[in-house]
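Geometric and topological summary
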Amino acid sequence: MADDRPDRKRILYGRRRGKTLRKGQRHAIDDIFPTLQVPLGAETIDLNALFGGNFETTWLEIGFGAGEHLAWQADHHPDVGIIGCEPFINGVAALILKLEEKGCNNVRIHNEAAELLMEKLPEASINKGFLLFADPWPKSSHHKRRFVSEKNIAALARVLEDNAELRIGTDHTNYGAWILWHMLQSEDFVWIAESPKDWRIRGDDWPQTRYEAKALREGRQSVYYRFIRRPR
């Protein structure tokens, strides 16, 4: 039986670090990251204070990888505050450098398990969510590591506001089926899809990530699911 005690330490699967950080990356982590980090000390995160009272709308991206998608969204939506979750420190450094290049100041970063952050977010406080090309953990014995689960879907439903959009993308066929099955079991979400093109084609406001580009080079077709949080 899973241990769901609130004080249980979360297990982070996958890499936390990759290659040794270069000088610019080290500067991003040592000097810039502390100013962007989401503090989890309070019982509930004050989103207004987190973004200095500059934004009325907050989005959430879980597992932003190297930050291509998040940086694009931040650049194209300067009036939106975006929280990005990514345990991989090299990815955090890559995102910070992209944000610095674009001059974006509307992003905050959580470098631990996304579950820890979601527990601290106020109910119905997120206006749009993204979960793009997360590790599919293809071995059957590793399926419990997949982010999409009944518990995490419920957590997302709690923090997303009514009618908020949740986007989930993957290039892994089995995980794609897993995602859709689990999301359709939830009474909190409705799948936006009237024809195959609705989940086979990215929208113009859904930029490509390096993981998707790699999948295309290797001949794998990606899926782009869009769900709406049902009104409470």
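In short, a report on the structure. Fair warning: this is a prediction, and the values are worked out from it, not measured in the lab.

Rules and cut-offs
Residues numbered from 1 in each chain as written. Predicted model: local features only at pLDDT ≥ 70, side-chain atom pairs only at ≥ 80, totals over all residues. Heavy atoms only, no water. Helix = DSSP H or I, 4+ residues; strand = E, 2+ residues; numbered from the N terminus. Rg over C-alpha atoms; globule rule 2.2 N^0.38 Å. Contact = heavy atoms within 4.5 Å. Areas by Shrake-Rupley, 256 points an atom, 1.4 Å probe, with all protein chains shown as cover. Phe/Tyr/Trp six-rings, centres within 6.5 Å; stacked < 30°, edge-to-face > 60°. Buried < 20%, exposed > 50% of the residue type's maximum accessible area, 1.4 Å probe, protein only. Salt bridge = Lys/Arg side-chain N within 4 Å of Asp/Glu carboxyl O. Polar contact = N/O pair within 3.5 Å; in protein donor to acceptor, adjacent residues only side chain to side chain. Pairing = 2+ DSSP bridges. Right-handed = clockwise from strand over helix to strand, strands pointing away.

Overview of the overall build of the chain
- On a plain count of helices and strands, the chain comes out with nine helices and seven strands.
- For 232 residues, the compact-globule formula gives about 17 Å, and the C-alpha radius of gyration of the chain, at 17 Å, lands near that figure.
- A sequence separation of at least 24 residues applies to 80% of the contacts in the chain between residues at least 6 apart.
- Summed over all atoms, the accessible surface of the chain reaches about 12500 Å², with 49% contributed by carbon and sulfur.

Observations concerning the packing of aromatic side chains
- Enumeration according to the criterion identifies five aromatic pairs in this entry.
- Centroid distance Trp-206 to Tyr-224: 5.4 Å. Interplanar angle 80°. Geometry classified as edge-to-face. Of this pair, Trp-206 sits in the loop between helix H8 (197-200) and helix H9 (210-217) while Tyr-224 sits in strand S7 (residues 223-229), and the two are 18 residues apart along the sequence. Pair check on accessibility: Trp-206 and Tyr-224 agree, each one buried.
- When the centroid spacing of 6.0 Å and the interplanar angle of 55° are considered together, the rings of Tyr-225 and Phe-227 count as tilted. For the pair formed by Tyr-225 and Phe-227, the shared burial category is buried.
- Through successive ring pairs, a cluster of aromatic residues spans Trp-191, Tyr-225 and Phe-227.

Looking at the pattern of salt bridges
- Under the criterion given, the structure shown has 11 salt bridges.
- Linking Asp-205 and Arg-167 is a salt bridge whose minimum nitrogen-to-oxygen distance equals 2.9 Å. Of this pair, Asp-205 sits in the loop between H8 and H9 while Arg-167 sits in strand S5 (residues 160-170), and the two are 38 residues apart along the sequence.
- Since its relative accessible area comes to 33%, Asp-205 is described here as partly exposed.
- Judged by relative accessible area, which is 4%, Arg-167 ranks as buried.
- Salt-bridge contacts for Asp-188 lead to Arg-229; the nearest nitrogen and oxygen are separated by 3.7 Å. Of this pair, Asp-188 sits in the loop between helix H7 (173-185) and strand S6 (189-191) while Arg-229 sits in strand S7, and the two are 41 residues apart along the sequence.
- Assessed through its relative accessible area of 7%, Arg-229 is described here as buried.
- In this structure, a network of salt bridges that share partners links the residues Glu-165, Arg-167, Asp-205 and Arg-226.

As for the side chain of Glu-165
- Within the secondary structure, Glu-165 sits in strand S5.
- Among the polar contacts listed, one links the side chain of Glu-165 to the side chain of Arg-167, at a separation of 2.8 Å.

So, the environment of Ile-29
- Mapped onto the elements, Ile-29 comes out in helix H1 (residues 23-36).
- Residue Ile-29 is classed as buried on the basis of its relative accessible area, which comes to 10%.
- With near-sequence residues (within four places) excluded, Ile-29 lies in contact with Leu-21, Pro-34, Ile-89, Val-92 and Ala-93.

So, the pairing of S5
- Within S5, eight of the 11 residues are buried, which leaves it mostly tucked inside the rest of the structure.
- Where strand S4 (residues 126-132) and S5 come together, six bridges link them in parallel fashion. By the bridge assignment for S5, Ile-126 is matched with Leu-160.
- Viewed along the sheet, the connection from S4 through helix H6 (residues 150-159) into S5 turns out right-handed.

Comments concerning unusual backbone geometry
- Here Ala-124, not a glycine, exhibits a phi torsion of approximately 55°, which is positive.
- Here Ala-124 is to be found in the loop between helix H5 (114-120) and S4.
- Judged by relative accessible area, which is 32%, Ala-124 ranks as partly exposed.
- In this model, Phe-133 sits at a positive phi of 55°, which is unusual for a non-glycine residue.
- Note that Phe-133 resides in the loop between S4 and H6.

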